[in-house]
Amino acid sequence: IGRINGKFTTPNWSPIRYIYGQVSQDELAGFYRDAFVGLVTPLRDGMNLVAKEFVACQINSPPGVLIVSPFAGAGETMHEALVCNPYEIAGAAEVIHRALTMPEDERILRMNYLRRREKVNDVNFWTKSFLSAMGSLFTPEDHDDVGSIMMPAVTIDDFDEYLSKYIGDTHKLALLLDYDGTLAPIAPHPDLAVIPIETKNVLQRLSNIPDVYIAIVSGRNVNNVKEMVGIEGITYAGNHGLEILHSDGTKFVHPMPKECQEKVVSLLSKLQERVCRDGAWVENKGALLTFHFREVPVHLRDDLEKQARQLVEEAGFKVGKAHCAIEAKPPVEWNKGRASIYILRTAFGVDWSERIRIIYVGDDVTDEDAMIALKGMAATFRVTTSNIIKTAAERRLPSTDSVLIMLKWIERHFSKRTPNIIDPTSYRRGSLAKAITKSVQMECEMSNLAQAIPQKKAFPNNDHDSD
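Rules behind the numbers
- Residues numbered from 1 in each chain as written.
- Predicted model: local features only at pLDDT ≥ 70, side-chain atom pairs only at ≥ 80, totals over all residues.
- Heavy atoms only, no water.
- Pairing = 2+ DSSP bridges.
- Helix = DSSP H or I, 4+ residues; strand = E, 2+ residues; numbered from the N terminus.
- Axes fitted to C-alpha atoms, helices over the stretch in contact; angles between N-to-C directions.
- Contact = heavy atoms within 4.5 Å.
- Core = buried A, V, L, I, M, F, W, Y, C linked by side-chain atoms within 4.5 Å.
- Buried < 20%, exposed > 50% of the residue type's maximum accessible area, 1.4 Å probe, protein only.
- pLDDT = per-residue confidence, 0-100.
- Arc of directions from axis to C-beta.
- Polar contact = N/O pair within 3.5 Å; in protein donor to acceptor, adjacent residues only side chain to side chain.
- Patch = residues over 30% accessible without salt bridge, like charges linked within 9 Å, V, L, I, M, F, W, Y side chains within 5 Å.
- Areas by Shrake-Rupley, 256 points an atom, 1.4 Å probe, with all protein chains shown as cover.
- Salt bridge = Lys/Arg side-chain N within 4 Å of Asp/Glu carboxyl O.
- Phe/Tyr/Trp six-rings, centres within 6.5 Å; stacked < 30°, edge-to-face > 60°.
- Lys NZ or Arg CZ within 6 Å of the ring centre and 35° of its normal.

1. Some thoughts on the sheet that holds strand S9 (residues 281–284)
Hydrogen bonds between backbone groups are what pair the strands of a sheet, and the pairing can be parallel or antiparallel.
Alright, step 1. In spatial order, the strands read S9-S10-S12-S11; together these four strands make up an open sheet with antiparallel pairing. Strands with a single pairing partner mark the edges of an open sheet, and in this sheet they are S9 and strand S11 (318–322). The sheet shows a mean angle of 25° between the axes of neighbouring strands, direction not considered.
Alright, step 2. The sheet contact formed by S9 and strand S10 (residues 289–292) spans four bridges and is antiparallel. Within S10, the residue paired with Glu 283 across the bridge is Thr 290.
Alright, step 3. Contacts between helix H11 (residues 298–314) and the sheet are confined to S10, S11 and strand S12 (325–329), with S11 contributing the most and set at about 145° to the helix.

The following block contains the structure:
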C-alpha cells in the first residue's frame, strides 16, 4: 500500500485508503453497499463471511462485482463471483480489470443470483445441512444433487441424478452447444468433422419441442456451421459469437474496427507466406483467422506455432488457443461468454435468468469463456477425456457419444411432460410465432363474423322437418 500510494498519490487524491482500526457495523455496511468491487482474496480461509456480507449489502443499482479467492470456503458456493488466485499476480490483475470494466447487465445478473442464494441459504439451512452431514438428521430431501465432477462412463440414466431436478417439469430449456469436438468428433480437416446422423436426428426432434431452444455456438464461420448442422429453426453463432444468425432469419454482426478489416488481409498474406508449410494452413473465417497445424509433424509444431503467434501479436490481434491451432481474434471485448448472454437475452428477454434453465456444452478453451460467464446460472459440461484438465465447467463428458446420450435424455425428459400451449413471445422462433399469431387473428375474425350473422334454432319446429 505504501509503495502504491507513494507512486501514484496526487495532492488531492490517494489511490488506496487504508483503514487501520475498528469500523462500526453501520459504517462497514455503507462501505459494502457503495463499493464497485468487493475483493476477498485470502491465501487460506475457512469460510469468510465478508463475501456474503458484501452481497447482502449490495442494494445499489447497478450493483458491484464480487471477487473471491478459491482458497476461501465461500468461493465453493458463490459461483457467480469472479475467482481470483492471489498467488497468480498477472491473473489477479486481469480479474480485477474485468470486474472494473464488466458491463452493467452482467453485473446485475451475477449479483441477483448471489443475493438470491444467500436469502435461501440462511442460518437455518446451514444448521440443517451440517447436522445432516454428520448423520444426526437423515431424511431423503436432505441429500443434494452434487455428484462427482468426473464422468468416465455415461449412461442415459446418469443424467437423472442432477439434470432432472435442475430442469424440473415446468421450465423451458436453452441448449447451447459447441460444434467441433462436441456434436461432431474432431477431424484432421474442418470439412471432415461431420455431425453423426443420429445426433442430427435427435437435435431435429428437440428443435420441434416448444420448450426447448437450441443455439450452436462455434468458432466456425456462421454460414459454415449452419451448413454443417443443417437444421432450420435454431440459432447459429459463428466466429465465437461475432456473427449470430437467429432462428427468425435476422442476423447480428458485432461491430469491428475499420482498420481490423485491412489488417486481416495483411495478416492472412503473411501467415500464408511464412508459416504455411509442412501441412500447416490458414482458415479464413472473415472476422478472424485460424492457423491449423494438426497435420504438421510433431517435432516441427512448436517452431511453427511460435512464429505464427508472433505474427498474430505483431498485427495487433489476440491469440486464441484451439485444438492443434491458434486463432487470430480481433481486439474486441467479445467471446462465447458475452455472445451466450446476448443470445439468451435476445431470445427470452431481459429477465431470461428467471424463466429458463440453461445447459452449455463445449470442448475447448474458447468454451471456457461461456462457462465462466454462465457459472452458477447454467449446467455446464466440458467434453474431455482427461480428468486433470483445468475447467470452469461443473462436470465433464468423456466424448461426443456422451453428448448424444445427454441429448437423448433431454428428449426423453421433455416427452414425459404434458403438452403446453405454445407462447409465441417466449422466444424467437419466427415462422412458428407468425403462424400462431395468424391463427389467433383468424379465430377472432371468425368469431366476430359468427356474431354478426343471425342465428337459427338448432332444431326448427316446422312441418318440413322429419326429425
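2. Side note on the nonpolar core
Alright, step 1. Ile 216, Ile 359, Phe 381 and Ile 410 are the most contacted members of the largest nonpolar core, which totals 42 residues.
Alright, step 2. Counting residues per element, the ones that place at least two in this core are helix H7 (163–167), strand S4 (172–177), helix H8 (197–207), strand S5 (212–217), helix H9 (222–229), strand S13 (356–362), strand S14 (379–383) and helix H15 (400–415).
Alright, step 3. When residues in this core are grouped by element, the largest group, seven residues, is from H15.
Alright, step 4. For Ile 216, the contacting residues outside a window of four places in its chain are Leu 177, Tyr 179, Leu 183, Val 225, Val 229, Ile 234, Thr 235, Tyr 236 and Ala 237.
Alright, step 5. Judged by nonpolar contacts, the second largest core, of 34 residues, contains Ala 174, Ile 343, Ala 370 and Ala 373.

3. Quick look at unusual backbone geometry
Alright, step 1. That bond from Ser 61 to Pro 62 is cis: its omega, 0°, falls within 30 degrees of zero.
Alright, step 2. Tracing the sequence through the fold places Pro 62 in the loop between helix H3 (50–57) and strand S2 (65–68).
Alright, step 3. We note that Asn 239 has phi near 50°; this positive angle belongs to a residue other than glycine.
Alright, step 4. A relative accessible area of 0% means that Asn 239 is categorised as buried.
Alright, step 5. If you check the backbone angles, His 240 has positive phi at about 60° while not being a glycine.
Alright, step 6. Within the secondary structure layout, His 240 lies in the loop between strand S6 (235–238) and strand S7 (243–245).
Alright, step 7. In this structure His 240 comes out as buried when scored by relative accessible area, which is 6%.

4. Looking at the confidence of the model for the protein
Alright, step 1. Scored by pLDDT, the protein comes out at a mean of 82, with 85% of its residues at no less than 70.
Alright, step 2. The secondary structure element of the protein with the lowest average pLDDT is helix H16 (residues 430–452), at 44, and the one with the highest is S5, at 96.
Alright, step 3. This model gives residues 137–151 a pLDDT under 50, and the stretch forms 27 contacts once residues within four places in sequence are excluded.
Alright, step 4. Scored below 50 in pLDDT, residues 429–467 makes 15 contacts in the model with residues more than four places away or belonging to other chains.

5. Description of H9
Alright, step 1. Among all positions in H9, only Val 222, Val 225, Met 228 and Val 229 are buried. Within H9, the buried residues cover an arc of 130° as seen down the axis, which keeps them to one side.
Alright, step 2. The residue sitting at the N-terminus of H9 and contributing the capping side-chain oxygen is Asn 221; that oxygen lies 2.8 Å from the backbone nitrogen of Asn 223.
Alright, step 3. Immediately beyond the C-terminal end of H9, within one or two residues, lies Gly 230, with a positive phi of roughly 70°.

6. Examining a nonpolar patch on the surface
Alright, step 1. Nonpolar side chains collect at one region of the surface, where Phe 36, Leu 39, Ile 96 and Leu 100 lie side by side and expose about 340 Å² of accessible area between them.
Alright, step 2. Inspection of the secondary structure assignment puts Leu 100 in helix H4 (residues 89–100).

7. Quick notes on the packing of aromatic side chains
Alright, step 1. By the definition in use, this model includes 12 aromatic pairs.
Alright, step 2. Ring centres of Tyr 18 and Tyr 20 lie 6.4 Å apart, and the angle between their planes is 40°; on these two criteria the pair is classed as tilted. Comparing Tyr 18 with Tyr 20 shows no difference in burial state: the two are exposed.
Alright, step 3. With a centroid separation of 5.4 Å and an interplanar angle of 80°, the aromatic rings of Phe 125 and Trp 126 are classed as edge-to-face.
Alright, step 4. The ring of Tyr 166 carries Arg 357 above its face, with NZ or CZ at 5.6 Å from the centroid.
Alright, step 5. The cationic tip of Arg 395 hangs over the ring face of Tyr 162; the distance from NZ or CZ to the ring centre is 4.1 Å.

8. Quick look at the environment of Asn 387
Alright, step 1. The topology assignment puts Asn 387 in the loop between S14 and strand S15 (395–397).
Alright, step 2. Each C-alpha atom, one on Asn 387 and one on Pro 398, is 9.1 Å from the other, the two residues being 11 residues apart in sequence.

9. Some remarks on the pattern of salt bridges
Alright, step 1. Using the criterion set out here, one finds 22 salt bridges in the structure.
Alright, step 2. In this structure, Lys 52 engages Glu 118 in a salt bridge whose closest nitrogen and oxygen atoms are separated by 3.1 Å. Pair noted here: Lys 52 is in helix H3 and Glu 118 is in helix H5 (residues 104–120), with a separation of 66 residues, a long-range link. In terms of burial, Lys 52 and Glu 118 fall into one category: buried.
Alright, step 3. Between Arg 98 and Glu 106 there is a salt bridge, and its shortest N-O distance comes to 3.1 Å.
Alright, step 4. Residue Arg 98 is classed as partly exposed on the basis of its relative accessible area of 29%.
Alright, step 5. Where salt bridges share partners, they join Arg 98, Asp 105, Glu 106, Arg 110, Arg 338 and Arg 345 into one cluster.

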